[in-house]
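In case you want the letters, here they are:
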Amino acid sequence: MTNRPEGDARAERNQRRAAARERAQRARVQQKRRQRGVRIGLQVGLGVVLLAAVTVVTLVLVDSTKPAGPGPSSMSRGGITIGQDLKAVSGAASSSPSASSTDSAEPVRITMYVDYLCPECAAFEKTNRTYIEGLVDSGVATVDIHPVATLSNRSQGTKYSLRAANAAACVAQSSPDAFWAVNRALFAAQPEQGTAGLTDTQLQRTIDRVDGVRDTGTINACIQDQRYGKWVDERTSAVTGGDVPGTTLTEFPGVPLVLVNGQRYEYSQPFTNEEFRTFVITAAGADDETPTPTPTPTRTPSPTPTASPSASAS
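Fair warning: this is a prediction, and the values are worked out from it, not measured in the lab. (Residues numbered from 1 in each chain as written. Predicted model: local features only at pLDDT ≥ 70, side-chain atom pairs only at ≥ 80, totals over all residues. Heavy atoms only, no water.)

A. Main features of empty space enclosed by the protein. Tallied over the entire structure, the rule returns two cavities of 30 Å³ or more. One number sums up the size of the largest cavity: a volume of about 60 Å³. Arg77, Gly78, Tyr113, His146, Pro147, Val148, Trp231, Val232, Arg235, Val239 and Pro245 together form the lining of the largest cavity. At four residues, helix 7 (residues 229-240) tops the list of elements feeding residues into the lining of the largest cavity. A volume near 50 Å³ is recorded for the second largest cavity. (1 Å grid on protein atoms, 1.4 Å probe; cavity = no way out; pocket = protein on both sides within 12 Å on 5 of 7 lines; lining within 4 Å. Points joined across faces, edges and corners; volume = space filled by probe spheres on them. Helix = DSSP H or I, 4+ residues; strand = E, 2+ residues; numbered from the N terminus.)

Structure below.
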């Protein structure tokens, strides 16, 4: 057995230690590189997430502050005017009568602010619809209908009031002469408060079934897009804030708000046609024995009878 010199053994051990230290150093460098790569990856990923979040928030803020687009051309002040033959009167809702208007040459002007989720609105419409139809169809009166969305928080978060008012606005734009019939159909299909209400598809079907509705494809797309949703919301805020066209009121008392020649109908419940009929006669500046404004002559060359709210259909 040959003994190695002590110097050689020590040199060999030093070499092994140096090699081990070098391997350990390389491992530490590699580990640091991996950790640095992970940190960079995390930072980049976090930056992407934060950028995406900022983008979404920015888009939401921009969308929420973007002004509402124009409303339907037939609803210049938030309401559509229905006249003789129960057809829309172009531009008529932009000029509202004062409470003292009693010119016998002018039709009586009935103005209604309604919410399609409001049961009192539906009850008033059901009780007085035939009477109002008789006055309007004969030319004795016109009726302005202002759909608002004051009860949007009473439909399990679906904002049914807003969606129904938007649907009505879609009809006012694309098929205004069918608005009176659609208004009636929306009240007939009224859901209960506290439920989700009708879906947009159900609103479309309700309107599609109404006789006389034209351009249903455009109306359906308008309902799905909620094209007038922001406009309805803006008009509702204006009305509830005291901007109530058709009256001198500076505070909105709630729905239904019914005006006759600018005077507020202080109704009692249950609604009765007799009470409303009496109010119309009084607000028109007449009594039971005094004729109220006569209809505008029709195209048919026949004598124009004197019509009064008390003599029209009940």
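B. Structural view of the nonpolar core. Ranked by internal contacts, the top residues of the largest apolar core, which has 68 residues, are Ile110, Met112, Ile132, Val143, Phe179 and Phe276. Here the element with the most residues in this core is helix 3 (residues 160-174); it accounts for ten residues. Dropping the residues within four chain positions of it, Phe276 is found in contact with Ile110, Phe124, Asn128, Tyr131, Ile132, Val258, Val260 and Tyr265. (Core = buried A, V, L, I, M, F, W, Y, C linked by side-chain atoms within 4.5 Å. Buried < 20%, exposed > 50% of the residue type's maximum accessible area, 1.4 Å probe, protein only. Contact = heavy atoms within 4.5 Å.)

C. Region of the structure containing the sheet that holds strand 4 (residues 141-147). Pairing in this open sheet of six strands is mixed, and the strands run 2-1-4-3-5-6 from one edge to the other. Only two strands of the sheet have a single neighbouring strand rather than two, namely strand 2 (87-88) and strand 6 (263-264). The pairing of strand 1 (residues 80-83) with strand 2 spans two bridges and is classified as antiparallel. Bridging across to strand 2, Ile82 finds its partner in Ala88. (Pairing = 2+ DSSP bridges.)

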